[in-house]
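Per-entry structural report
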Amino acid sequence: MSRIVRQSKYRHVFGKAFKREKCYDNIKLSRNAWDSNYICANLKFFAVCVEAAGGGSFVVVPFELKGKLKSDFPLVAGHKAAVLDLDFNPFNDHLVASASEDGTAKIWAIPEGGLTETIRDAVQNLTGHKRKVGSVNWNPTANNVLATSSTDYAVKLWDVEKGQAKNTVDGHGNIIQTCAWNYDGSQLVTACKDKKVRLLDPRSNAIVSVSFAFFVFGCYYYYYIFKTIYWFIFLFL
């Protein structure tokens, strides 16, 4: 059996959890079923979508604040429906963007040291999508440029300072599940529920290329099947 299946060298390695006083406890995580990370972080804070009454909320926790959070810990609670995605501004550690089922994206200012009370007023409201907003992604090289994707099958590029959508890329055949910038912020890639990956040029409002994601997966799948059969024949026949 050992000639076919290579045993892992980590099979006797076990992780050890930190003590509770060194963890972050009493955070009521969101139970919303959406394809998102529900968490983001920078060098000062981490933000997490949470369950809360009266609309969508998330918490922003300073890293030094370890242990059990108070039950009345301040929230960011300005959305009218569940928060689906979060992203910190790479140029300003105290700005965080949020996407929500209420069809809007919002920009929030976090004071130095973290929140001391619940805030409901965003510093900027980005409205323009026709359905819920599923993702927010700051441009890695251009300040105040944000990309949002929505279940209206569109990706919008925002001038956050003015609160205006400068570009819109349509053409997706189904719900956009995730979106990401390339390293220099010149192009976007989206993964869609129609099993296609699209490369976007936001400046020209165009889809540059389309790839079938299941085709790539299928190639790897059959490659490993044929490889397993080959070694079985080579070793035993």
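Right, let's walk through the structure included here. (Residues numbered from 1 in each chain as written. Predicted model: local features only at pLDDT ≥ 70, side-chain atom pairs only at ≥ 80, totals over all residues. Heavy atoms only, no water.)

1. Things to note about the side chain of Asp152
- The topology assignment puts Asp152 in the loop between β12 (145-150) and β13 (155-159).
- Among buried Asp, Glu, Lys and Arg side chains, Asp152 stands out as unpaired, with Lys156 the closest opposite charge at 6.0 Å.
- Polar side-chain contacts of Asp152 include one of 3.2 Å to the side chain of His129.
- Looking at Asp152, its side chain comes within polar contact range of the main-chain nitrogen of Ala154, at 3.1 Å.
- Dropping the residues within four chain positions of it, Asp152 is found in contact with His129, Lys130 and Arg131. (Helix = DSSP H or I, 4+ residues; strand = E, 2+ residues; numbered from the N terminus. Buried < 20%, exposed > 50% of the residue type's maximum accessible area, 1.4 Å probe, protein only. Lys, Arg positive; Asp, Glu negative; His and termini not counted. Salt bridge = Lys/Arg side-chain N within 4 Å of Asp/Glu carboxyl O. Polar contact = N/O pair within 3.5 Å; in protein donor to acceptor, adjacent residues only side chain to side chain. Contact = heavy atoms within 4.5 Å.)

2. A few points about the pattern of salt bridges
- All told, the structure shown has 4 salt bridges when counted by the stated rule.
- A salt bridge links Arg31 to Glu51, with the nearest nitrogen and oxygen atoms 3.9 Å apart. Of this pair, Arg31 sits in the loop between β1 (24-25) and β2 (39-41) while Glu51 sits in the loop between β3 (45-50) and β4 (56-62), and the two are 20 residues apart along the sequence.
- With a relative accessible area of 71%, Arg31 lands in the exposed category.
- In this structure, the salt-bridge partner of Asp194 is Arg198, at a minimum N-O distance of 2.8 Å.

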